[in-house]
Every structure is written in structure tokens, then in C-alpha cells.
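Below, each chain spelled out in residue letters.
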Amino acid sequence: MDLGINGHTAVITGAARGIGRAIALRLAREGGRVCFADRDEAGAAEAAAEAMAQGGEAIALVCDVTDRASMAALFDGAAAAHGGLDIVFNNAGIAQTKPLLEIEDAEWHRMMDINAFGVLVGMQEAAKRMIAQGRGGKIVNTASVAGKQALPLCAHYCASKFAVVALTQAGARSWGGEGITVNAFCPGIVETDMWRQLDDEFRALPTTPAGTTLGDANPDFPLGRFAAPEDIVGLAVFLASSDSDYMTGQAIQVDGGMVMQ
Ligand SMILES: NC(=O)c1ccc[n+]([C@@H]2O[C@H](COP(=O)([O-])OP(=O)(O)OC[C@H]3O[C@@H](n4cnc5c(N)ncnc54)[C@H](O)[C@@H]3O)[C@@H](O)[C@H]2O)c1
């Protein structure tokens, strides 16, 4: 069955590792013409090589999501290599564990620059090209459960992910008539390098009791285990496929049942 992935061009930012890498590898296995995009050039190249070793069609391109010229070059490069632009994942992001009173101005601006402005730029530059092509498209943004409920130790991260949810809704309302859907997925805790960094920062706080991890700070939830990147892939790929053609503007949790709303 054609799910709108086989033979279609997909760009995934933050694809050098973690969630983005898992999504990009799966899209390549589904027959997508995949562009692994990241500011980590070597990591992106290594991930694309893995996709090709599995028989997929893949290239790696360097990008900085906060730099509009870089993102324009990314989408033009992917379209030139693979023929057009059909699916875009705005997934690159950063995080930080920091009590609300201690967040510094530069930390706020960096968080909002990469996580929120980076998604705005990715959506704009993708949509411009999809509209010009005239064959619709799929934009999928990585939000978080932190985009649904704010937490005391990462207020700036939460604010940036609430912004991703808002941008998702605004994009859906702007481009539905052009056949472009815009949706987001909201992971809970995924055991990636990002999570390990957050845990290190948590354990280094003077207020953290010895031997406590950031995982301990999360109460029981129905599925009772943290996610691997592969746990996120099914929903992400669904949002990029034609099976989700009648959905737009949604931000859906994939979090083991942590947040219910
Ligand atoms: N890990 C989690 O628990 C979790 C939970 C919810 C949401 N998320 C979100 O999922 C996404 C991926 O997270 P992850 O856990 O895979 O993180 P990760 O740190 O493992 O990977 C993030 C990737 O983004 C890239 N990146 C960062 N800034 C960039 C920039 N300016 N331009 C281009 N690339 C850039 C990094 O080089 C890295 O390869 C992020 O948006 C994150 O906020 C993660």
C-alpha cells in the first residue's frame, strides 16, 4: 500500500542521533528519499550511511535551524537531490534542567532560538517550497509533553515547546487550503543523549537528594518505562503518511500515558 512515503522526499532535522535519527532510518526503510539534516555533519553522514547500508536512499546535509539561509539551502539541496519536497520533520532541539529563578537571559534566548524560532524557520521555508510545488506536503514538528504541561525545572524548555504547539496550530490553519498538514508529536521521557544531559544537570543541583535521578522525580505512569527512540517512530511516521491526511493542527502525546488531556 502506498502510504505517501515511498519515493517521496523527506527532510529530518536533528537526524544525527536520538529521535530524529530513528525516524529518518524508518522513513528510509519505508522507501522515502531521506535527507538526514543536522548541525553535526559527521553524525548526519554516519546515520545516512546506515540508512544506505540498509538499502535506503539517503543523503546527509548540514544545517543550523536558527539560520534561515542554511535552512533554505537545506531544502533546496534535498529537493535538488531527490526531486521536490514532500515531508519535513522539524525535530532538532535542545533542553536544560535549571530552576526557574536561575534561568539566565542568554539561556532563555538560546532555548527559544533553537526550539521555537528554529521550528518557525523550518515551517516557513518548507511551506514556501511545498506551496510552489503545488502538490501539498506534510510538516511534522517535535513538541513534548513539556508543551502541554509546564514543569518547574525547565520553564524555558516548556515555553519553547508550548511555542511549537502554537506554531503547529497556526501552520495548520494557514496552509490547509494548500494541501499541507501540520502536526506535532509530544514524547515524554526518551532515553537519548538529551535525556542523559538533563539527568546529569538534575543530579548536579544542590537541592537534589544524593542518589536521586531525574527519572525518580517522575511519578508512576501507566506504561511504567521510559521510551527508546523507536517507541516514538510509529506515531511520527503516521503523521508523515497519507493515513493522517485528514488530521492537521494536532499535538499528540506518545509518552507511555504520562499526560492525559
Ligand atoms: N529525549 C526526550 O526525552 C525528549 C522528550 C520530548 C521531546 N524531545 C524532543 O525531541 C527532539 C529530539 O530530541 P533527542 O532526545 O533526540 O535529542 P538529541 O540531543 O539526542 O538530538 C538532537 C539533535 O539535534 C541536533 N541539533 C541541535 N541544535 C541544532 C541546530 N541548531 N541545528 C541543527 N541541528 C541541531 C543535535 O546536533 C542532535 O543531533 C527535540 O526537539 C527534543 O526537545 C525529546
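Relevant structure appears above.
Each value, and the rule that gives it
Residues numbered from 1 in each chain as written. Predicted model: local features only at pLDDT ≥ 70, side-chain atom pairs only at ≥ 80, totals over all residues. Heavy atoms only, no water. 1 Å grid on protein atoms, 1.4 Å probe; cavity = no way out; pocket = protein on both sides within 12 Å on 5 of 7 lines; lining within 4 Å. Points joined across faces, edges and corners; volume = space filled by probe spheres on them. Nonpolar A, V, L, I, M, F, W, Y, C, P; charged D, E, K, R; others polar. Axes fitted to C-alpha atoms, helices over the stretch in contact; angles between N-to-C directions. Helix = DSSP H or I, 4+ residues; strand = E, 2+ residues; numbered from the N terminus. Parallel < 35°, antiparallel > 145°, perpendicular 65-115°, else oblique. Left-handed = near helix turned anticlockwise from the far one by under 90°. Contact = heavy atoms within 4.5 Å. Core = buried A, V, L, I, M, F, W, Y, C linked by side-chain atoms within 4.5 Å. Buried < 20%, exposed > 50% of the residue type's maximum accessible area, 1.4 Å probe, protein only. Near = heavy atom within 4 Å. Polar contact = N/O pair within 3.5 Å; in protein donor to acceptor, adjacent residues only side chain to side chain. Areas by Shrake-Rupley, 256 points an atom, 1.4 Å probe, with all protein chains shown as cover. Pairing = 2+ DSSP bridges. Right-handed = clockwise from strand over helix to strand, strands pointing away. Expected span 1.5 Å × (residues − 1).

A. Representation of the layout of surface pockets within the structure. The volume enclosed by the second largest pocket comes to roughly 210 Å³. Class assignment of the residues belonging to the lining of the second largest pocket gives a composition of three nonpolar, eight polar and four charged.

B. Up close: the packing of helix H1 (residues 18-29) against helix H7 (residues 230-240). Look at H1 against H7: their axes get within 9 Å of each other, and the N-to-C directions meet at 55 degrees. On the basis of the axis angle, H1 is oblique to H7. Crossing geometry of H1 relative to H7 is assigned as right-handed. Contact residues: H1 offers Ile19, Ala22, Ile23, Arg26 and Leu27, while H7 offers Glu230, Ile232, Val233, Ala236 and Val237. A breakdown of the residues in the contact of H1 with H7 according to their chemical character gives eight nonpolar, no polar and two charged.

C. Structural context of the nonpolar core. Formed by 44 residues in total, the largest nonpolar core has its most connected members in Val11, Leu74, Phe75 and Ile139. Residue assignment for this core shows that the elements contributing at least two residues are strand E2 (33-38), helix H3 (68-82), helix H4 (105-133), helix H5 (155-175), strand E6 (180-187) and helix H6 (193-204). In terms of residue count, the dominant contributor to this core is H4 (eight residues). Counting 32 residues, the second-largest nonpolar core is a separate cluster that includes Ile12, Ala15, Ala44 and Phe185.

D. Molecular detail of the site of the ligand. Surrounding the ligand, one finds 26 residues, the nearest of these being Arg17, Asp38, Tyr157, Val190 and Thr192. Within the side chain of aspartate 64, an N or O atom sits 3.1 Å from a nitrogen atom of the ligand. Within the backbone of valine 190, one N or O atom sits 2.8 Å away from an oxygen atom of the ligand. Contact with the protein chains removes 96% of the 830 Å² of surface that the ligand exposes when unbound. Residue assignment for the shell around the ligand shows that the elements contributing at least two residues are H1, H5 and H6.

E. Main features of the pairing of strand E3 (residues 57-62). Direction of pairing for E2 relative to E3: parallel, over a ladder of six bridges. The residue of E3 that forms the bridge with cysteine 35 is isoleucine 59. Read as a crossover between parallel neighbours, the route from E2 over helix H2 (residues 41-53) to E3 is right-handed.

F. Just H3, in detail. For H3, spanning 15 residues, the distance from its first C-alpha to its last is 21 Å, which sits close to the expected 21 Å at 1.5 Å a residue. All of the buried residues along H3 are Ser70, Met71, Ala72, Leu74, Phe75, Ala78 and His82. On its buried face, H3 sits against strand E1 (9-13), E2, E3, strand E4 (87-90) and H4. With a side-chain oxygen positioned 3.0 Å from the backbone nitrogen of alanine 69, the residue opening H3 is aspartate 67. The first or second residue beyond H3 is glycine 83, which carries a positive phi of 85 degrees.

Note that all results are geometric; they support no functional claim without further evidence.
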